[in-house]
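Architecture at a glance
Below, each chain spelled out in residue letters.
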Amino acid sequence: MKFTELPLTGAFLIEIEPRTDERGFFARTVCRDEFVHHGIRADFVQQSISYNNRRGIVRGLHLQVAPHQENKLVRVTSGAIYDVIVDLRPDSPTRGRWHAAELSSDNRQALYIPPGLAHGFQTLTDTAEVFYQMTVPHHPQAARTVHWKDSTIGIDWPAPDTALLSPKDNDAPTLAQLETELFA
Ligand SMILES: Cc1cn([C@H]2C[C@H](O)[C@@H](COP(=O)(O)OP(=O)(O)O[C@H]3O[C@H](C)C(=O)[C@H](O)[C@H]3O)O2)c(=O)[nH]c1=O
């Protein structure tokens, strides 16, 4: 696999290295030794998928707070998404900054998201299936959502006017409203 560290320290874009032959190709998507070599974890304990039934769906911005902070690996198995991460780590030099990558079943790229970063996406295709791998289980009481259009973050979403969100996400608090909880 090819690992490219992103401007938000500890986050990586991971590209497969296909072993091609006349049948097609084989490629690793997770390898503990390769992950550890780059200082990241691969001890995933939970895998999930989300199926998205139209273009423009926004899920997130989600994270789990301590003591259930998660490392997350996200890839797209069908369609394409505009995948976004936001640095919410109190002592990070890039705190408050965001980064986006287009993940798709065509490019087969994955985003590795370290603890303390919020994650969300907007679908770019009429349907999209997203595959998540987490290093800690889902703890609803530790789950937090930051508003996708928080002006202090300023994410440049591809299609904000046609976004479809869950009521929970649509009514999410801003960073300022979560400040004490996130940056305590
Ligand atoms: C995360 C999770 C959720 N659920 C249940 C809870 C709700 O009844 C339903 C949907 O949950 P939620 O609306 O939180 O899921 P999304 O809005 O799609 O959030 C997901 O997409 C964003 C972009 C992420 O990064 C999150 O990791 C992931 O939770 O599944 C479970 O049963 N188990 C789980 O592990």
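Residues take numbers from 1 onward in each chain, read along the sequence in its written order. A pLDDT threshold of at least 70 governs which residues receive local features in this predicted model, and a stricter bar of 80 or more applies before side-chain atom pairs are shown or counted, although totals over entire chains, interfaces and linings include all residues. For the side-chain quantities, the full set of heavy atoms in the structure was used; hydrogens and water were omitted.

**Remarks on the overall build of the chain**
Quick reminder of the rule: Only DSSP runs of H or I with at least four residues qualify as helices, and only runs of E with at least two residues qualify as strands; both kinds are numbered from the N terminus onward. Our radius of gyration is a C-alpha quantity, and the globule rule it is checked against amounts to 2.2 Å times the number of residues to the power 0.38. Residue burial is assigned from relative accessible area. The probe radius is 1.4 Å, only protein chains are included, and a residue is buried under 20% of its type maximum, exposed over 50%, and partly exposed in between. By definition, residues are in contact when any of their heavy atoms lie within 4.5 Å. Computed by Shrake-Rupley with a 1.4 Å probe, the accessible areas treat only the displayed protein chains as cover when residues are assessed. A positive count includes Lys and Arg, and a negative count includes Asp and Glu. His and the chain ends are not counted in either. To locate a charge, the coordinates of NZ of Lys, CZ of Arg, CG of Asp or CD of Glu are taken.
Helix and strand counts for the chain stand at 3 helices and 13 strands. Here the chain has a C-alpha radius of gyration of 16 Å; the compact-globule value for 184 residues is 16 Å, and the two agree. Taking all 184 residues of the chain together, the buried fraction comes to 48%. A sequence separation of at least 24 residues applies to 78% of the contacts in the chain between residues at least 6 apart. Here the chain has roughly 9,300 Å² of accessible surface; of this, 50% comes from carbon and sulfur atoms. Counting 18 positive and 23 negative side-chain charges, the chain places the centres of these two groups 2 Å from one another.

**Re empty space enclosed by the protein**
If a probe the size of a water molecule is rolled over the atoms, the empty space left behind becomes visible. Just so we agree on the cut-off: A pocket here means an open set of points on a 1 Å grid, computed over the protein atoms alone, that has protein on both sides within 12 Å along at least five of seven lines. A cavity is instead a set of points where a 1.4 Å probe fits but cannot get out; residues with an atom within 4 Å of a point line either one. Grid points are joined across faces, edges and corners, and a volume is the space filled by probe spheres set on the points. Classes in brief: Ala, Val, Leu, Ile, Met, Phe, Trp, Tyr, Cys and Pro nonpolar; Asp, Glu, Lys and Arg charged; the others, Gly included, polar.
If you walk through the whole model with that rule in mind, you get 1 cavity of 30 Å³ or more. As a volume, the largest cavity reaches approximately 50 Å³. Along the walls of the largest cavity sit H62, L63, Q64, Q69, E70, K72, I113, P114, P115, G116 and L117, which together make up its complete lining. Element by element, the count of residues in the lining of the largest cavity is highest for strand β6 (residues 58-64), at 3 residues. Class assignment for the residues of the lining of the largest cavity results in 5 nonpolar, 4 polar and 2 charged.

**Observations regarding the site of the ligand**
Heads up, the condition is: Any residue with at least one heavy atom within 4 Å of a molecule or strand is counted as near it. Polar contacts here mean pairs of N or O atoms no more than 3.5 Å apart (in protein, one a potential hydrogen donor and the other a potential acceptor; neighbouring residues in sequence count only if both atoms are side-chain atoms). Pocket or cavity membership: a molecule qualifies when more than half of its atoms sit within 2 Å of the grid points of that site.
Residues in contact with the ligand, as listed here, are Q46, R59, H62, K72, H119, G120, F121, Y132, H138, K168 and D169. Within the side chain of H119, one N or O atom sits 2.7 Å away from an oxygen atom of the ligand. One of the side-chain nitrogen or oxygen atoms of Y132 is found 3.1 Å away from an oxygen atom of the ligand. Most atoms of the ligand, that is more than half of them, are within 2 Å of grid points of the largest pocket. Elements represented by at least two residues in the shell around the ligand include exactly β6, β11 (117-123) and α2 (167-170). For the shell around the ligand, the residue count by class is 2 nonpolar, 5 polar and 4 charged.

**What to know about the layout of surface pockets**
One number sums up the size of the largest pocket: a volume of about 590 Å³. As for the largest pocket, its lining consists of 29 residues, and the residues nearest its centre are H62, K72, Y132, H138 and K168. When residues of the lining of the largest pocket are traced back to their parent elements, those giving at least two are β5 (46-52), β6, β11, β12 (128-134), β13 (143-145) and α2. Sorting elements by how many residues they give to the lining of the largest pocket places β6 first, with 6 residues.

**Here we look at the sheet that holds strand β7 (residues 72-78)**
Spelled out, the test is: Two strands qualify as a pair provided DSSP detects at least 2 bridges between them. Whenever a helix is involved, its axis is fitted only over the stretch in contact; in every case the axis is a line through C-alpha atoms, and angles between N-to-C directions fall within 0 to 180 degrees.
Spatially, 6 strands are ordered β1-β2-β10-β7-β12-β5 in an open sheet, and the strand pairing comes out antiparallel. The open sheet has two edge strands with one neighbour each: β1 (2-5) and β5. Averaged over all adjacent pairs, the angle separating strand axes in this sheet is 25°, with direction ignored. Inspection of the sheet shows β5 paired to β12 by 7 bridges, in the antiparallel sense. Across the sheet, residue N52 finds its bridge partner in β12, namely A128.

**Brief notes about the UniProt feature "active site" (unreviewed entry) in the chain**
We count it as follows: UniProt positions are given in the numbering used here, feature names are shortened, and annotations may be inferred rather than shown by experiment.
Mapped onto the present numbering, the UniProt feature "active site" (unreviewed entry) falls at H62 and Y132. These annotated residues cover 71 residues of sequence, but their C-alpha atoms sit close together, with the largest distance between any two at 12.7 Å. From the list above, the largest cavity is lined by H62. The topology assignment puts H62 in strand β6. In this structure the side chain of H62 is engaged in a polar contact, spanning 3.5 Å, whose partner is the side chain of T145. Within the secondary structure, Y132 is located in strand β12. Leaving out residues up to four positions away in the same chain, Y132 has contacts with Q46, Q47, S48, I49, S50, R59, K72, L73, V74, H119 and F121.

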